[in-house]
Amino acid sequence: MSVKVTINHDECTSCGLCYNDECPDVFEEGEEGLSSLKSDFRKGGPTDGEIPDDKKGCAQNAADACPVSAITVG
Ligand code: SF4
């Protein structure tokens, strides 16, 4: 099973919380500090993709911690 993840670059403030602290297994620093999915998980671009079930908790922690709710999991 896999879980859909999206990042809204219109909202992301490049704070780094998701890729530096909460879930570096799934997210990485992209252009201009914007959050991007690691390449293994992308489906077409850096902001849309799918992650395996065992990464869902980590990605959800990042979504919960994101100060502007830019990450959607599931
Ligand atoms: S935690 Fe949110 S605002 Fe901060 S880099 Fe990640 S997606 Fe962007």
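This text goes with the structure placed above it.
Note that the structure is predicted; figures quoted are calculated from it, not measured. (Residues numbered from 1 in each chain as written. Predicted model: local features only at pLDDT ≥ 70, side-chain atom pairs only at ≥ 80, totals over all residues. Heavy atoms only, no water.)

Enquirer: Give me the environment of K4: which residues, what numbers.
Expert: The topology assignment puts K4 in strand β1 (residues 2-7). According to the relative accessible area criterion, K4 is partly exposed, its value standing at 47%. Distance from K4 to C23, taken between C-alpha atoms, is 15 Å for residues 19 residues apart in sequence. Setting aside residues no more than four positions away along its own chain, K4 makes contact with D48, G49, E50, T72, V73 and G74. (Helix = DSSP H or I, 4+ residues; strand = E, 2+ residues; numbered from the N terminus. Buried < 20%, exposed > 50% of the residue type's maximum accessible area, 1.4 Å probe, protein only. Contact = heavy atoms within 4.5 Å.)

Enquirer: Describe the site of the ligand, and please don't skip the residues or the numbers.
Expert: Taken together, C12, T13, C15, G16, L17, C18, Y19, S35, C66, V68 and I71 are the residues near the ligand. The element that contributes the greatest number of residues to the shell around the ligand is helix α1 (residues 17-22), accounting for three residues. (Near = heavy atom within 4 Å.)

Enquirer: Would you mind going over the pairing of β1 in detail, with residue names and values included?
Expert: Along β1, the buried face is formed by V3, V5 and I7; none of S2, K4 and T6, which line the opposite face, is buried. Sheet topology places β1 next to strand β5 (residues 48-52); five bridges connect them, and they run antiparallel. Across the sheet, K4 pairs through a bridge with E50, a residue of β5. Relative to strand β6 (residues 71-73), β1 runs antiparallel, the two being bridged by three bridges. Residue pairing in the sheet places V5 in a bridge with V73 of β6. (Pairing = 2+ DSSP bridges.)

Enquirer: I'd like a description of helix α2 (residues 56-65), backed by residues and values.
Expert: All of the buried residues in α2 are C58, A59, A62 and A63. In an axial view of α2, the angular spread of the buried residues amounts to 140°, which keeps them on one side of the axis. Of the surrounding elements, those touching the buried residues of α2 are α1, β2 (27-29), β5 and β6. (Arc of directions from axis to C-beta.)

Enquirer: Any chance you could break down the nonpolar core for me, citing the residues and the numbers?
Expert: If you look at the biggest cluster of nonpolar residues, it comprises 19 residues, and the most contacted ones within it are V5, V26, F27, I51, I71 and V73. The set of elements that each furnish at least two residues to this core consists of β1, α1, α2 and β6. Looking at this core element by element, the count peaks at four residues for α2. Contact partners of V26, with chain neighbours within four places excluded, come to S36, L37, K38, F41, I51, K55 and C58. (Core = buried A, V, L, I, M, F, W, Y, C linked by side-chain atoms within 4.5 Å.)

Enquirer: Mind laying out the state of the cysteines, listing which residues take part and the relevant values?
Expert: Disulfides are covalent bonds that connect the sulfur atoms of two cysteines. On inspection of all chains with the given rule, the structure shows one disulfide. Paired through a disulfide, C23 and C58 show a sulfur-sulfur distance of 1.7 Å. Here the disulfide of C23 and C58 is right-handed, its torsion about the S-S bond being about 105°. Of this pair, C23 sits in the loop between α1 and β2 while C58 is found in helix α2, placing the two residues 35 residues apart along the sequence. With respect to class, C23 is no different from C58; both count as buried. (Disulfide = S-S within 2.5 Å.)

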